[in-house]
Amino acid sequence: MATQKPQRTLEEIEDIILRKIFLVTVKENLENSSSSDPRVVYLEMTAAEILSEGKSLLLSRDLMERVLIDRLSGEFPNSESPFNYLIGCYKRAHGEIKKISNMKDKILRSEMESAAKQAKKLAVSYARIHLGNPELFSNGNLRDSNPKAGSSLSSNSPLLPLVFAEVSSGVMLDGFGGNELGSGVDCPPGFLEEFFRDSDFDTLDPILKGLFEDLRGSVLKVSALGNFQQPLRALLYLVNFPVGAKSLVNHPWWIPKGVYLNGRVIEMTSILGPFFHVSALPDHTIFKSQPDVGQQCFSDASTRRAADLLSSFSTIKAVMNNLYDGLAEVLLCLLKNSETRESVLEYLAEVVNKNASRAHIQVDPMSCASSGMFVNLSVVMLRLSEPFLDANLTKRDKIDPNYVFYSNRLDLRGLTALYATSEEVDEWINKDNPVKTDGSRPHGDGNNCLLISQEATSSGSSLNLKPTTSSGEKAKYPFICECFFMTARVLNLGLLKAFSDFKHLVQDISRSEDTLATLKAMQGQAPSPQLELDISRLEKEIELYSQEKFCYEAQILRDGALIQHALSFYRLMVVWLVGLVGGFKMPLPSTCPMEFASMPEHFVEDAMELLIFASRIPKALDGVLLDDFMNFIIMFMASPQFIKNPYLRAKMVEVLNCWMPRGSGSSATSTLFEGHHLSLEYLVRNLLKLYVDIEFTGSHTQFYDKFNIRHNIAELLEYLWQVPSHRNAWKQIAKEEEKGVYLNFLNFLINDSIYLLDESLNKILEHKELEAEMSNTAEWERRPAQERQERTRLFHSQENIIRIDMKLANEDVSMLAFTSEQITAPFLLPEMVERVANMLNYFLLQLVGPQRKSLTLKDPEKYEFRPKELLKQIVRIYVHLARGDAKNIFPAAISSDGRSYNEQLFSAAADILQRIGEDGRIIQDFIALGAKAKAAASEAMDTEAALGDIPDEFLDPIQYTLMKDPVILPSSRITIDRPVIQRHLLSDSTDPFNRSHLTAEMLIPNTELKARIEEFIRSQELKRHGEGLNMQSSKGTIQPTSGEMLID
């Protein structure tokens, strides 16, 4: 503290204080005194000017600015840079004020405080002037002020270390990087606050622009393990000043412009882009960040201790959440500021629109931003959405569906809609909503945008709204509405795309491991240098894949809060969408409202993908409200008039499949199936309907796709059959829809069973031939190496195909077995009974006929081939149908099968069943059915003999059997037997003779022909009775011949 001497005047004390602050003197002898600070400089010219003006050589407030200018303008040996000097002045003034506060004389204290504060203010003011115009006080020393072209500063802005020091003081930065960016620098208390708070925009703007560029550069290509926290804190510090926020959004690099602008360019060149790029997720080599997270945390993961991996997971999760917090705070700060809010929305929209191609399966890394950026942006958008994701979703009426049609901020109109085509949407908008869509861009409304609410109807009411407009004004939407649709788009291109990438990565690893195993097996049989190289290359590839997989796991899968926030958002999505069709109630409206039909398809697809992904992560669904999702799925999975894409509806079944109590690992999901109102009433019905609908998807791969989809449906149906309430509903549907959806379901189930079992058994025969080739060592090793490699690959490929087909076949046969025990009527309908009998006969022939020994495998369980179990299932279906056959039509249907029926198969099957321990009652009933079928075969031959030559006009043109109920096809005018054409229509709704559209209702009964057929049968029967003895002798000669034919 300056020593207060009584003899010193107020002016002298002021002179002493100012000399200490500015390190200058106007008295020559003071500069050279032994007690003087060596940094003090003598301002000779200033002293001369003061003397010429007749003033005393004492520094005062009046001379303060002149002295400061002269000090900054002069050239002095060993002097520090202008900026550092000014910082020193501020720091010294701050110290003097502390000392002055201890002065007892109030007047003196007040005067000296005023002088020191003025000195601080001057130091700040000239620091601004210097940074804005470095050439003014260059002093021949430009080391802190190398200006760039234009008004921006270089990456060496001397202000930056002070900002880093300010944001790091007293803060322990987690994770990596520490405080090195601000180390060794001490920012005087209050300097930055004064620097940015009390000045006009034009003065600070060039300084701030330079700082923002510096901060952007400091995180460019920095990974989650790098030091991003100080730059991010610095960015947040600056945008908290209104002038900083305004300068940021007015920076030319806020939204870069240019002909070649794309998603990747925005990420790398915008101010915020590199901050969002900081991530643990893999990126293209050109844009790879350092340190390499995969290499540093997860190299040789298979040999690491579990604790080490868990530590890496925790570290990455912690630093990423620090990043999310900082980014969310930056955006929230800008959104709360009415001057910058619109710019933030425009930036987010530009990022989304320029990265629309991230939705493609193959993403071009040169034109699209990284997954890291979009996952980070996904988390930030979810955090911005939190205020309207409350449990009751009370603010959902602020989400206006018209945003999709009328807001040109986001490119939503070009996205695939749930049901409507783009032409239908355009026509509807032009017809019913004549609001101009001239490209005007809606924006937030004044200072209250975050709180404003636009009048919109709540869920269930009419939503045929128009955006709020007035003449000459753009359409306006509340922030909740803007945020909802932006979040939906960002999640689609970000988090959901990352899930998809992760799934493909896991598949790549699995394929590579299979290939590696094959290569190693081949190397064991026929070593070669090329194989050695291939194995080495593949091992390195798998190691890199493995590192990438762990990076995804660390940043996304292990972040339970992220998954739960996303689930909350999509719960709002499905509740809001259901509101567009009138709320959670069934049945759905007869026509789909255009608001719903026009919504982007990915809104629903993303919700389903998230549910599937979350269901496979332990405990991810704990505490999540799933009822609304369940309602949505039940309502729409069998409603192609609301959701056109069959694969999207199939995805809903996949969700339910994940939720089955035995599959989800969560007992909470069982209530969704066993105590849920809509579930009990509609779930089985809609699953059966979807099973039928999925036959024709419109895709070129529909034939193979349907098996995977039906596999999921079959697993669900098998589970539901075990739940009494669902089983009762199932039986009721079979009764009500006996000739409707249930018959179609049964037809496709039988079709699939036949195809899959036939395909599996044929592949087994081929596989055994290949196995025999490979086991003949001498012959095998004489073959060329390339041929052996190809045959080995084929062998492993066939193994997979057989296993998959057999699994699906077992599933289908099992469903036929357990349903036929209590539901027999649909199996025994005229159009179905022969088809069922033919299928069972064919399966029986394969399993107990002459070729059964050729189907033996070394390890049948490996291929899911369980012939004993399969035979039991087939026989049970026979017996179940026989027990429910009140009209005794089943035996005749069995014996009429000219392709596979043989009476000896029944006795052969019964012998095998006794050996493998089947229930005795089943075997007895099966033997009895075989006897009935044999009798029916004999009777059929008698009848055929009695009818003699049947006129061609009485024969069905497809089966060449006597028609019982002839009908005319309306288009081709051909007459055909009703059961035959009805069986055809179950799989194909066309006229088989000219492919025109045909349904069962369009069939025209041919009553005249039916009467003539019945008359023909009567006349032949009368003739038969009249020739009784001849008929008996005919029977005696036919029977043995029949027996010989059936034995073959």
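None of these values were measured; they are calculated from a predicted model. (Residues numbered from 1 in each chain as written. Predicted model: local features only at pLDDT ≥ 70, side-chain atom pairs only at ≥ 80, totals over all residues. Heavy atoms only, no water.)

Our focus in this paragraph is the overall build of the chain. Helices and strands together make up the secondary structure of the chain, namely 43 helices and five strands. Burial statistics for the chain: of 1048 residues in total, 52% are counted as buried. In the chain, 76% of the contacts between residues at least 6 apart in sequence involve partners at least 24 apart. Carbon and sulfur atoms make up 51% of the accessible area of the chain, which totals about 46,700 Å². (Helix = DSSP H or I, 4+ residues; strand = E, 2+ residues; numbered from the N terminus. Buried < 20%, exposed > 50% of the residue type's maximum accessible area, 1.4 Å probe, protein only. Contact = heavy atoms within 4.5 Å. Areas by Shrake-Rupley, 256 points an atom, 1.4 Å probe, with all protein chains shown as cover.)

Counting 307 residues, the largest nonpolar core has Leu 159, Phe 191, Phe 485, Phe 636, Trp 659 and Trp 730 as its most contacted members. The element contributing the most residues to this core is helix H15 (residues 306-336), with 14 residues. Within the second largest apolar cluster, eight residues are counted, among which are Val 967, Leu 985, Leu 998 and Leu 1003. (Core = buried A, V, L, I, M, F, W, Y, C linked by side-chain atoms within 4.5 Å.)

Further remarks concern the layout of surface pockets. Looking at the second largest pocket, its volume works out to about 1,800 Å³. Surrounding the second largest pocket, 47 residues form its lining, Lys 503, Glu 605, Glu 609, Lys 651 and Glu 654 being those nearest its centre. Only helix H20 (479-493), helix H21 (495-525), helix H25 (602-615), helix H27 (646-659), helix H31 (702-721) and helix H35 (785-820) provide two or more residues apiece to the lining of the second largest pocket. The class makeup of the residues in the lining of the second largest pocket is 21 nonpolar, twelve polar and 14 charged. (1 Å grid on protein atoms, 1.4 Å probe; cavity = no way out; pocket = protein on both sides within 12 Å on 5 of 7 lines; lining within 4 Å. Points joined across faces, edges and corners; volume = space filled by probe spheres on them. Nonpolar A, V, L, I, M, F, W, Y, C, P; charged D, E, K, R; others polar.)

Here the bond from Gln 290 into Pro 291 is cis, since omega is -5°, no more than 30 degrees from zero. Here Pro 291 is to be found in the loop between helix H13 (273-277) and helix H14 (293-298). With omega at 0°, the peptide bond leading from Met 586 into Pro 587 counts as cis. Its place among the elements puts Pro 587 in the loop between helix H23 (560-579) and helix H24 (594-597). Of note in this structure, Leu 393 is not a glycine but carries a positive phi near 50°. Structurally, Leu 393 is set in the loop between helix H17 (371-385) and helix H18 (402-406).

A few words on the side chain of Lys 872. Within the secondary structure layout, Lys 872 lies in helix H37 (residues 867-883). Here Lys 872 is buried and forms no salt bridge, its nearest opposite-charge partner Glu 869 lying at an N-O distance of 4.7 Å. Residues contacting Lys 872, with those up to four places away along its chain left out, are Leu 913, Ile 916 and Glu 918. (Lys, Arg positive; Asp, Glu negative; His and termini not counted. Salt bridge = Lys/Arg side-chain N within 4 Å of Asp/Glu carboxyl O.)

What follows deals with a positive patch on the surface. On the surface, a cluster of positive charge is contributed by Arg 852, Lys 853, Lys 868 and Arg 915. Positionally, Arg 852 belongs in the loop between helix H36 (830-848) and H37. (Patch = residues over 30% accessible without salt bridge, like charges linked within 9 Å, V, L, I, M, F, W, Y side chains within 5 Å. Charge placed at Lys NZ, Arg CZ, Asp CG, Glu CD.)

The residue Leu 516 is located in helix H21 in this model. Judged by its relative accessible area of 11%, Leu 516 is buried.

Here we have three strands laid out as an open sheet, ordered E4-E3-E5, and antiparallel in their pairing. This sheet does not close on itself; its edge strands, each paired only once, are strand E4 (975-977) and strand E5 (1004-1005). Its contacts with the sheet place helix H41 (residues 978-987) against strand E3 (966-968), E4 and E5, and it is angled at close to 85° to E4. (Pairing = 2+ DSSP bridges. Axes fitted to C-alpha atoms, helices over the stretch in contact; angles between N-to-C directions.)

Quick look at H36 now. With 19 residues, H36 should reach 27 Å at 1.5 Å per residue; the first-to-last C-alpha distance of 28 Å fits that figure. Among the 19 residues that make up H36, 14 are buried, leaving the element largely enclosed by the rest of the structure. (Expected span 1.5 Å × (residues − 1).)

Okay, the side chain of Ser 820 next. Position of Ser 820 relative to the elements: it lies in helix H35. Looking at Ser 820, its side chain comes within polar contact range of the main-chain oxygen of Leu 816, at 2.7 Å. When neighbours within four sequence positions are excluded, Ser 820 is seen to be in contact with Phe 827, Ile 877, His 880 and Leu 881. (Polar contact = N/O pair within 3.5 Å; in protein donor to acceptor, adjacent residues only side chain to side chain.)

Quick look at the packing of aromatic side chains now. Using the criterion set out here, one finds 40 aromatic pairs in the structure. Seen from their ring centres, Tyr 403 and Phe 485 are 4.9 Å apart, and the 5° between their planes marks the pair as stacked. Separated by 82 residues along the polypeptide, Tyr 403 in helix H18 and Phe 485 in helix H20 bring together distant segments of the chain. Through pairs of rings, three or more aromatic residues link up here, namely Tyr 403, Tyr 477, Phe 484, Phe 485, Phe 569, Tyr 570, Trp 576 and Phe 603. One cation-aromatic arrangement involves Arg 71 over Tyr 85; the distance from NZ or CZ to the ring centre is 4.1 Å. The lysine or arginine in question, Lys 549, covers the ring of Phe 550, its NZ or CZ lying 5.1 Å from the ring centre. (Phe/Tyr/Trp six-rings, centres within 6.5 Å; stacked < 30°, edge-to-face > 60°. Lys NZ or Arg CZ within 6 Å of the ring centre and 35° of its normal.)

Here the focus is the pattern of salt bridges. Applying the stated criterion across every chain yields a total of 50 salt bridges. Of the charged contacts, one joins Glu 737 and Arg 685 as a salt bridge, the two residues approaching to 4.0 Å between their closest N and O atoms. Here the residue Glu 737 occupies a position in the loop between helix H32 (724-736) and helix H33 (741-775), and Arg 685 occupies one in helix H30 (residues 677-693), the gap between them amounting to 52 residues. With a relative accessible area of 26%, Glu 737 lands in the partly exposed category. Residue Arg 685 is classed as partly exposed on the basis of its relative accessible area of 25%. The salt bridge partner of Arg 1012 is Glu 1008, with a shortest N-O separation of 3.4 Å. Of this pair, Arg 1012 and Glu 1008 are both found in helix H42 (residues 1007-1026), four residues apart, which corresponds to roughly one turn of the helix. Here the salt bridges do not stand alone but share partners, grouping Glu 49, Glu 53, Lys 55 and Arg 66 into one network.

On to the packing of H15 against H17. Axis separation between H15 and H17 bottoms out at 9 Å; the angle between their running directions is 55°. Taken together, the axes of H15 and H17 are oblique relative to one another. Like other packed secondary-structure pairs, H15 and H17 cross with a definite hand, here right-handed. Residues Met 320, Asn 321, Leu 323, Tyr 324, Asp 325, Leu 327, Ala 328, Leu 331, Leu 332 and Leu 335 of H15 form the contact with H17, whose own contacting residues are Val 375, Asn 376, Val 379, Val 380, Arg 383 and Leu 384. (Parallel < 35°, antiparallel > 145°, perpendicular 65-115°, else oblique. Left-handed = near helix turned anticlockwise from the far one by under 90°.)

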